[in-house]
Amino acid sequence: MQRLSGLDAFFLYIETPAMHTHVALTAVLNPGTMPGGYSFERIRDHIASRVHLIPPFRRRVVEVPLRLHHPVWVDDPDFSIDNHVHRVALPSPGGMLELAELTGHLASIPLERSRPLWEMWVIEGVEAGRIALVAKIHHSAMDGAGGAQLMPLFFDLEPDPPAGPAPPSFEPEPAPDRWELLGMAGMERLRGLAGLPSLARRTGEAIGTIRRERRAAGGPSGGTPLTAPRSPFNGPITGERVVAFTRLPLADVKHVKQVLGGTVNDVLLATCALAVRRYLAERGELPDRPMVTACPVSVRADGEQGQANNRLSIMFTPLRTDIGDPVQCLRTTHETALAAKREHEALGNDTLSAWAEVIDPTASRFVSSIYGATGLAAHHRPALSFILSNIPGPPFSVYLAGAEMERAYPMGPVIEGAGLNVTVLSYRDSVDFGFLAAKALVPDVGDLAATVPEAFGQLLAAARQASEQGTRAPAGATR
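Moving on: the overall build of the protein chain. Secondary structure assignment for the protein chain yields 12 helices and 15 strands. For 479 residues, the compact-globule estimate of 2.2 N^0.38 gives 23 Å, and the protein chain sits close to it at 23 Å. Each of the three principal axes of the protein chain carries a C-alpha extent, and together these read 65 × 60 × 40 Å. In the protein chain, the share of contacts with a sequence separation of at least 24, taken over all contacts with a separation of at least 6, comes to 81%. Surface accessibility of the protein chain: about 20,600 Å² in total, with carbon and sulfur atoms responsible for 55%. Computing the positive centroid from 45 side-chain charges and the negative centroid from 51, the protein chain places the two 6 Å apart.

If you want it as structure tokens, here you go:
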């Protein structure tokens, strides 16, 4: 038995029929590298042989009586791989549009709470003889960066690696009884609440420091929640999701960074800003002020690498959709990203998780349910424009049961009031973008994804022109 952290539990509390809090990955695989050829059974058996390496994959959530404290993980005595690994055929012609449509359908289905909170779908019939894997796991069990770090547990570095040891026999621990849960929860809850005054004081002091520094500096600052301009991405959502994919060459992204300055992350932020600007301008809905993105930041310490839990914070970053010139957009993005990072560090990496520890399970569920059911997101200034996340992936090829992974599109959840999530994963020599959106707000998310290569093309053209002219990046900007 292991208690969920407050941050892990938070993703359970806020979930509603319209707001699903699982993360997902769509991977395109080449079965031609599988020794002996492709079979669904081989994929399923391979996954089954690795499940024991990731504890949440065999554990289910058990609520504490009276919801006195956060739930606990317990072993699922009825675990069956057939409840979690499924197969489906992609409609003809099996292209990326059809794969995105099917992924959107699967992302619209909440995970079953009575068993371990994950599932994988093997998709057959992908064009050019490929298959795909759509993996879903609840955010309460794993964040995006943690999932990327755990990828080697399911994937191999070669198509036919030496056989490893057989998985140990599964002997689930007995589930705790009601009184054991209540006793432990009561003591832990009291200890957590005892630190609330200190946490409130520390948070208030950090916010005061950020305000003073903003007034003194007078220059770029990080993003501020509840100041985002209204856009088509903001409003009440339903449970239906739509998905789109796109990708960029990593070498070109690095070339832009080297010539124009900034970081790889700055280039990707500026690319998204230019893409969103074009998408909204074509619809006559471009705000005249910068948008505000919520960027999840991994705060996993060295000793926590490879653990399956949530170790993240949120950095609010202005997205300079108000700047049309690509070079100026990138340079301003670099400045505001640095400011956002400084402010995030001032607030503290552990502030979000510390507050999550003391939230009340019943109250947080009630507030989330009422907020969604009454459509309050339509009646106040947006807390943020959308969620934007960048996850580093492996720079080398990986294989699932011998099938080479060729593409990997990550997707994070959307929330009430902000119906778009853009997640970026670098893999081998490409940068893969996964767009997941609430259908009620962004039904044409594919059009938004299609603007990314065009927007990046502006930056790449500027970098090539600067390179030909011998123009150097601003001093200190390249990292």
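What follows concerns the environment of Val422. Inspection of the secondary structure puts Val422 in strand E14 (residues 420-427). Between the alpha carbons of Val422 and Phe386 there is a distance of 7.9 Å; along the sequence they are 36 residues apart. Apart from the residues lying within four places of it in its own chain, the contact partners of Val422 are Cys272, Phe386, Ile387, Leu388, Ser389, Phe433, Gly434 and Phe435.

Residue position: Glu124 is located in strand E6 (residues 118-126). Here the side chain of Glu124 touches Tyr38 through a polar contact of 2.6 Å, side chain to side chain.

Once that is clear, we can look at the pattern of salt bridges. This model, assessed by the stated rule, comprises 18 salt bridges. One connected set of salt bridges, linked through shared partners, spans Glu282, Arg283, Asp444 and Asp447.

Moving on: the state of the cysteines. Throughout the structure, instances matching the rule amount to 0 disulfides. Of all cysteine sulfurs, the one in Cys295 lies closest to Cys272, which takes part in no disulfide; the gap is 9.2 Å. By relative accessible area, Cys272 is classed as buried at 5%. Residue Cys295 is classed as buried on the basis of its relative accessible area, which comes to 9%.

With that settled, the discussion passes to the packing of helix H7 (residues 250-260) against helix H12 (residues 445-469). The geometry of H7 relative to H12 is characterised by a closest axis approach of 9 Å and an angle of 50 degrees between their N-to-C directions. By the angle class used here, H7 and H12 are oblique. Crossing hand, H7 versus H12: left-handed. On H12, the residues that touch Asp252, Val253, His255, Val256, Val259 and Leu260 of H7 are Phe456, Leu459, Leu460, Ala462, Ala463, Arg464, Ala466 and Ser467. Partitioned by chemical class, the residues of the contact of H7 with H12 number 10 nonpolar, 2 polar and 2 charged.

Turning to the pairing of strand E4 (residues 72-75), a few remarks are in order. Burial along E4 is two-sided: the residues Val72 and Val74 and Trp73 and Asp75 are all buried. Inspection of the sheet shows strand E3 (residues 59-62) paired to E4 by 4 bridges, in the antiparallel sense. Within E4, the residue paired with Val62 across the bridge is Val72.

So, on to the packing of aromatic side chains. According to the stated counting rule, one finds 7 aromatic pairs in the structure shown. Each ring, one from Phe57 and one from Phe154, has its centre 5.6 Å from the other, and the planes form 40 degrees; the classification is tilted. Highlighted residues: Phe57 in the loop between helix H2 (40-50) and E3 and Phe154 in helix H4 (residues 144-154), separated in sequence by 97 residues. Residues Phe57 and Phe154 agree in their burial class; the two are buried. Between Phe233 and Tyr279 the ring centres are 6.1 Å apart and the planes differ by 20 degrees, which places this aromatic pair in the stacked class. Residue Phe233 is found in the loop between helix H6 (196-217) and strand E8 (241-249), and its partner Tyr279 is found in helix H8 (residues 264-282); the two are separated by 46 residues along the sequence. Neither Phe233 nor Tyr279 differs from the other in exposure class; each is buried. Connected via pairs of aromatic rings, a cluster forms that spans Phe57, Trp118 and Phe154. Across from the ring centre of Phe170, 4.4 Å away, lies the NZ or CZ of Arg58, which sits over that ring.

Turning our attention to the nonpolar core. With 74 residues, the main nonpolar core has Ile123, Phe233, Val256, Leu260, Leu420, Phe433 and Phe435 as its most contacted residues. The contact partners of Leu420, leaving out residues within four places of it in the chain, are Phe233, Phe386, Ile387, Val414, Phe435, Leu436, Ala437, Val445 and Leu448. Core analysis: the second largest hydrophobic core is formed by 45 residues, Met34, Ile54, Leu111 and Val122 among them.

As a general rule, the predicted coordinates of low-pLDDT regions are not to be interpreted in detail. Summary statistics for the protein chain give a mean pLDDT of 91 and a share of 97% for residues scoring 70 or more. With pLDDT under 50 throughout, residues 475-479 is counted as low confidence; its partners more than four residues away or in other chains account for 15 contacts.

About the criteria used
- Each chain carries its own residue numbering, running from 1 in the written order of its sequence.
- The predicted nature of this model means local features are confined to residues of pLDDT at least 70 and side-chain atom pairs, given and counted, to a pLDDT of 80 or more, with totals for whole chains, interfaces and linings taken over all residues.
- Values shown for side chains rest on all heavy atoms present in the structure; no hydrogens or waters enter the calculation.
- Each helix is a run of H or I in the DSSP string that is no shorter than four residues. Each strand is a run of E no shorter than two, and both are numbered from the N terminus.
- Taken over C-alpha atoms, the radius of gyration is set against a globule rule of 2.2 Å times the number of residues to the power 0.38.
- Only heavy atoms matter for contacts: two residues are in contact if any of them lie within 4.5 Å across the pair.
- Only the protein chains shown count as covering a residue, and every accessible area follows the Shrake-Rupley method with a 1.4 Å probe.
- His is not counted, nor are the chain ends; Lys and Arg add positive charge and Asp and Glu add negative charge.
- A charge is said to be at NZ when it belongs to Lys, at CZ for Arg, at CG for Asp and at CD for Glu.
- Under the rule applied, a polar contact is a pair of N or O atoms within 3.5 Å (in protein, one hydrogen donor and one hydrogen acceptor; residues adjacent in sequence only if both atoms are side-chain atoms).
- When a carboxyl oxygen of Asp or Glu is within 4 Å of a side-chain nitrogen of Lys or Arg, the pair counts as a salt bridge.
- When two cysteine sulfur atoms lie within 2.5 Å, the pair is treated as a disulfide.
- Each residue gets one of three labels from its accessible area relative to the maximum for its type: buried under 20%, exposed over 50%, partly exposed in between, using a 1.4 Å probe on protein chains only.
- Note on geometry: axes are lines fitted to C-alpha atoms, helical ones only across the stretch in contact, with angles between N-to-C directions running from 0 to 180 degrees.
- Reported orientations rely on four angle classes, namely roughly parallel under 35 degrees, roughly antiparallel over 145, roughly perpendicular from 65 to 115, and oblique for the rest.
- Left-handed is the label given to a crossing in which the near helix is rotated counterclockwise from the far helix by less than a right angle, and right-handed is the label when the rotation is clockwise.
- For this classification, the nonpolar set comprises Ala, Val, Leu, Ile, Met, Phe, Trp, Tyr, Cys and Pro, the charged set comprises Asp, Glu, Lys and Arg, and every other residue, Gly included, is treated as polar.
- The pairing criterion is simple: DSSP has to find at least two bridges between the two strands.
- When two rings of Phe, Tyr or Trp (its six-membered ring) have centres within 6.5 Å they constitute a pair, described as stacked for plane angles under 30 degrees, edge-to-face for angles over 60, and tilted for the intermediate range.
- Here, over-ring charges are defined by two tests on the NZ atom of lysine or the CZ atom of arginine: distance to the ring centre within 6 Å, and angle to the ring normal within 35 degrees.
- Nonpolar core, defined: a set of buried Ala, Val, Leu, Ile, Met, Phe, Trp, Tyr and Cys residues in which side-chain atoms within 4.5 Å join the residues together.
- The score called pLDDT rates the predictor's confidence residue by residue, from a low of 0 to a high of 100.

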